[in-house]
Amino acid sequence: MFYELAASTWGEDERTAILDVLDSGRTTMGGRVAAFEEAFARYHGRQYGVMVNSGSSANLVAIAALCHKQARPLQRGDEVIVPAISWATTYHPLLQYGLKLRFVDIELDTLNMDCAQLERALTPRTRAIVGVSILGNPAPLDIMRRFADRHGLYFFEDNCESADAELGGRKAGGFGDMSSFSFFFSHHIATMEGGMVLTDDVELHHLLRSLRAHGWTRDLPADTPLYKRTGSDHFEAYRFILPGYNVRPLEITAAIGLVQLQKLPAMTAQRRENLAVFKAKFDGDPRFVIQRENGKSSAFAFTIILDPRRSVDRERVFAALRDADIGFRMITGGNFLRHDVIKYYDYDTVGEIRNADIAHDYGFFVGNHPHDLTPQITRLYEVLDRTCN
Ligand SMILES: Cc1ncc(COP(=O)(O)O)c(C=O)c1O
């Protein structure tokens with residue numbers, strides 16, 4: 001394809017890392033996972049990392065951990081403030097743990113939650129806020145952090161789309177009580193499947209480790225606040241304290257993650273160079289709304305929303321993109337409220353959800369990869385320029 005939606009970022013080093021794991025004889029979660037967790041947490045200036053088998057699993061164990069905290073756990077019926085655009089598995093764990101969602105519209109230009117509406121979103125039952133940085137662009141994480149602190153809320157950051165983004169000199173993923181990451185193919189770091197939760201809280205760290213692996217105690221240190229050892233190794237080896245899962249990662253994925261993490265700064269720099277090329281073409285053109293950076297985007301992709309007031313024929317534009325061999329998709333699944341699965345949810349909305357609808361109906365993204373995309377972006381502009389007159 002001339003302009004791919006997703007592209008591999010692997011080279012010889014990733015192949016070697018995989019073969020080293022196979023030769024080592026230890027393929028299930030072990031030393032490489034621990035090393036990657038440590039390195040990834042350090043890269044973000046955080047205390048603890050817990051790797052899992054996907055970003056969705058990271059969200060699941062993170063919400064489960066908040067529901068199992070000893071003091072002030074999230075409880076069924078509690079309300080959580082969420083943005084109207086995010087990936088489905090940002091929301092599913094909240095539903096699965098009996099929480100009620102309060103959807104807030106997004107800003108059309110940043111595509112992130114409109115924080116001007118946060119006070120309106122607050123009710124006596126509000127207990128948490130979920131911040132999602134869409135496609136590399138940091139959400140107002142600083143504002144969300146302050147809002148959460150002011151009102152005694154948990155702040156969970158779903159950072160699955162925005163590794164290596166920065167806000168006020170701090171990495172995205174560094175603001176929440178916990179933050180999640182995805183290492184799926186095409187993400188900033190790709191380990192085939194994979195995810196991580198970062199936190200600075202020791203209790204959450206231990207809850208995450210237990211919930212990741214059956215709800216057992218085996219991966220916890222002896223001085224954990226979660227339980228008291230009986231002293232018998234026999235009974236401790238199979239001791240279950242939480243209704244957990246098995247969402248453990250593999251040594252292979254962690255070994256790839258270690259290689260990819262070293263390459264991440266250079267890959268982000270190249271993605272940002274492509275972003276500059278994209279902006280030079282599209283910025284200021286009234287026919288298109290492109291993503292306005294809040295802080296420093298790590299430019300997962302480039303988004304374009306066709307100005308709905310110009311009544312451009314969307315299907316004609318999409319057909320022209322296909323003809324030009326340019327891959328595109330809707331922005332992170334669009335307005336989540338418009339998906340069939342919403343019928344299972346307990347939710348309400350904070351005012352009208354207007355901008356998420358516009359992004360749903362008139363928006364799409366194209367890929368950004370860590371190599372020079374000037375020819376691809378040039379062709380994209382030519383196609384849109386021609387079809388959006
Ligand atoms: C915002 C967000 N959260 C969670 C996920 C889930 O990650 P994964 O595909 O690794 O399960 C994604 C996937 O891209 C995402 O975009």
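Check the entry above for the structure.
Below is a summary of the structure that appears in this document. (Residues numbered from 1 in each chain as written. Predicted model: local features only at pLDDT ≥ 70, side-chain atom pairs only at ≥ 80, totals over all residues. Heavy atoms only, no water.)

Remarks on the layout of surface pockets
In step 1: Taken as a whole, the largest pocket holds about 610 Å³ of empty space.
In step 2: Taken together, 28 residues form the lining of the largest pocket, with Trp 87, Glu 161, Phe 184, His 187 and Phe 300 sitting closest to its centre.
In step 3: Looking at the lining of the largest pocket, the elements with two or more residues in it are helix H3 (55-67) and helix H4 (88-96).
In step 4: For the lining of the largest pocket, the element with the highest residue contribution is H3, accounting for three residues.
In step 5: Of the residues assigned to the lining of the largest pocket, the class counts are 11 nonpolar, 13 polar and four charged. (1 Å grid on protein atoms, 1.4 Å probe; cavity = no way out; pocket = protein on both sides within 12 Å on 5 of 7 lines; lining within 4 Å. Points joined across faces, edges and corners; volume = space filled by probe spheres on them. Helix = DSSP H or I, 4+ residues; strand = E, 2+ residues; numbered from the N terminus. Nonpolar A, V, L, I, M, F, W, Y, C, P; charged D, E, K, R; others polar.)

Comments concerning the site of the ligand
In step 1: Within the structure, the ligand sits among 15 residues, and Gly 55, Ser 56, Asp 158, Glu 161 and Ser 182 are positioned closest to it.
In step 2: A distance of 2.7 Å separates an oxygen atom of the ligand from a polar side-chain atom of Ser 182.
In step 3: One nitrogen or oxygen atom from the side chain of His 187 is found 3.2 Å from an oxygen atom belonging to the ligand.
In step 4: For the ligand, whose unbound accessible area comes to 390 Å², protein coverage reaches 90%.
In step 5: Cavity membership is defined here by more than half of the atoms lying within 2 Å of grid points; on that basis the ligand lies in the largest pocket.
In step 6: Elements represented by at least two residues in the shell around the ligand include exactly H3 and H4.
In step 7: Among the elements that make up the shell around the ligand, the one with the highest residue count is H3 (three residues).
In step 8: Here the residues of the shell around the ligand are counted per class, giving four nonpolar, nine polar and two charged. (Near = heavy atom within 4 Å. Polar contact = N/O pair within 3.5 Å; in protein donor to acceptor, adjacent residues only side chain to side chain. Areas by Shrake-Rupley, 256 points an atom, 1.4 Å probe, with all protein chains shown as cover. Sits in = over half its atoms within 2 Å of the grid points.)

With respect to the sheet that holds strand S10 (residues 288-290)
In step 1: Taken together, three strands build an open sheet; the order of strands is S10-S11-S13 and the sheet is antiparallel. With one partner strand each, in any of the chains shown, S10 and strand S13 (363-367) form the two edges of the open sheet. Within this sheet the neighbouring strands show an average axis-to-axis angle of 30°, counted without direction.
In step 2: Strand contacts of helix H9 (residues 251-282): S10 and strand S11 (301-306), with the helix running at about 20° to S11, the strand carrying the most contacts. (Pairing = 2+ DSSP bridges. Axes fitted to C-alpha atoms, helices over the stretch in contact; angles between N-to-C directions. Contact = heavy atoms within 4.5 Å.)

What about the nonpolar core?
In step 1: Residues Val 82, Leu 94, Phe 103 and Met 178 are the most contacted members of the largest nonpolar core, which totals 55 residues.
In step 2: Among the elements that line this core, the one with the most residues is H3, at nine residues.
In step 3: Once residues within four sequence positions are removed from consideration, Leu 94 is found in contact with Ile 63, Val 80, Val 82, Leu 99, Leu 101 and Val 130. (Core = buried A, V, L, I, M, F, W, Y, C linked by side-chain atoms within 4.5 Å. Buried < 20%, exposed > 50% of the residue type's maximum accessible area, 1.4 Å probe, protein only.)

Overview of helix H10 (residues 314-323)
In step 1: All of the buried residues along H10 are Val 317, Phe 318, Ala 320 and Leu 321. With its buried residues spanning 160° around the axis, H10 presents them on a single face. Within H10, the exposed residues directed more than 90 degrees away from the buried face are Arg 322 and Asp 323.
In step 2: Turning to H10, the residues buried within the fold contact S11, S13 and helix H12 (374-387).
In step 3: You can read the cap of H10 off the contacts: a side-chain oxygen lies 3.1 Å from the backbone nitrogen of Glu 315, and it is on Asp 313.
In step 4: Phi for Asp 325, located one or two positions after H10, is positive at around 65°. (Arc of directions from axis to C-beta.)

Focus on the pattern of salt bridges
In step 1: Tallying each qualifying case throughout the model produces 32 salt bridges.
In step 2: The closest approach of N and O atoms between Arg 125 and Asp 78, which form a salt bridge, is 3.2 Å. Linking Arg 125 in the loop between helix H5 (118-121) and strand S4 (126-132) with Asp 78 in the loop between H3 and strand S2 (79-83), this pair joins segments that are 47 residues apart in sequence.
In step 3: Put simply, Arg 314, Glu 315, Arg 338, Asp 357 and Asp 361 are held in one network by salt bridges that share partners. (Salt bridge = Lys/Arg side-chain N within 4 Å of Asp/Glu carboxyl O.)

Some details on the packing of H9 against H12
Describing two packed helices takes the angle between their axes plus the distance from one axis to the other.
In step 1: Relative orientation of the contacting elements H9 and H12 amounts to 25°, with a least axis distance of 10 Å. Classified by the interaxial angle, the pair formed by H9 and H12 is roughly parallel. When the axes of H9 and H12 are compared, the crossing they make is right-handed. Residues Asn 274, Val 277, Phe 278, Lys 281 and Phe 282 of H9 lie in contact with H12, whose contacting residues are Thr 374, Ile 377, Thr 378, Leu 380, Tyr 381 and Leu 384.
In step 2: Counted by class, the contact of H9 with H12 contains seven nonpolar, three polar and one charged residues. (Parallel < 35°, antiparallel > 145°, perpendicular 65-115°, else oblique. Left-handed = near helix turned anticlockwise from the far one by under 90°.)

Quick notes on H12
In step 1: In this model, H12 (14 residues) spans 20 Å end to end at C-alpha, consistent with the 20 Å of a helix rising 1.5 Å per residue.
In step 2: Among all positions in H12, only Gln 376, Ile 377, Leu 380, Tyr 381, Val 383, Leu 384 and Thr 387 are buried. Along H12, the residues classed as buried sweep out an arc of 165° about the axis, all on the same side.
In step 3: Buried residues along H12 sit in contact with H9, S10, S11, H10 and S13. (Expected span 1.5 Å × (residues − 1).)

Some points on empty space enclosed by the protein
Where empty space is left in the structure can be found by rolling a water-sized probe over the atoms.
In step 1: What the rule picks out here adds up to two cavities of 30 Å³ or more.
In step 2: Considered as a void within the structure, the largest cavity measures approximately 90 Å³ in volume.
In step 3: Broken down by secondary-structure element, the contributors of at least two residues to the lining of the largest cavity are H9 and S11.
In step 4: Looking at the lining of the largest cavity residue by residue, the class counts come to seven nonpolar, four polar and three charged.
In step 5: Forming the walls of the second largest cavity are 13 residues, and the residues nearest its centre are Leu 5, Ala 6, Ser 186, Asn 368 and His 369.
In step 6: Broken down by class, the residue content of the lining of the second largest cavity amounts to seven nonpolar, five polar and one charged.

This is a description of form; function is not addressed.
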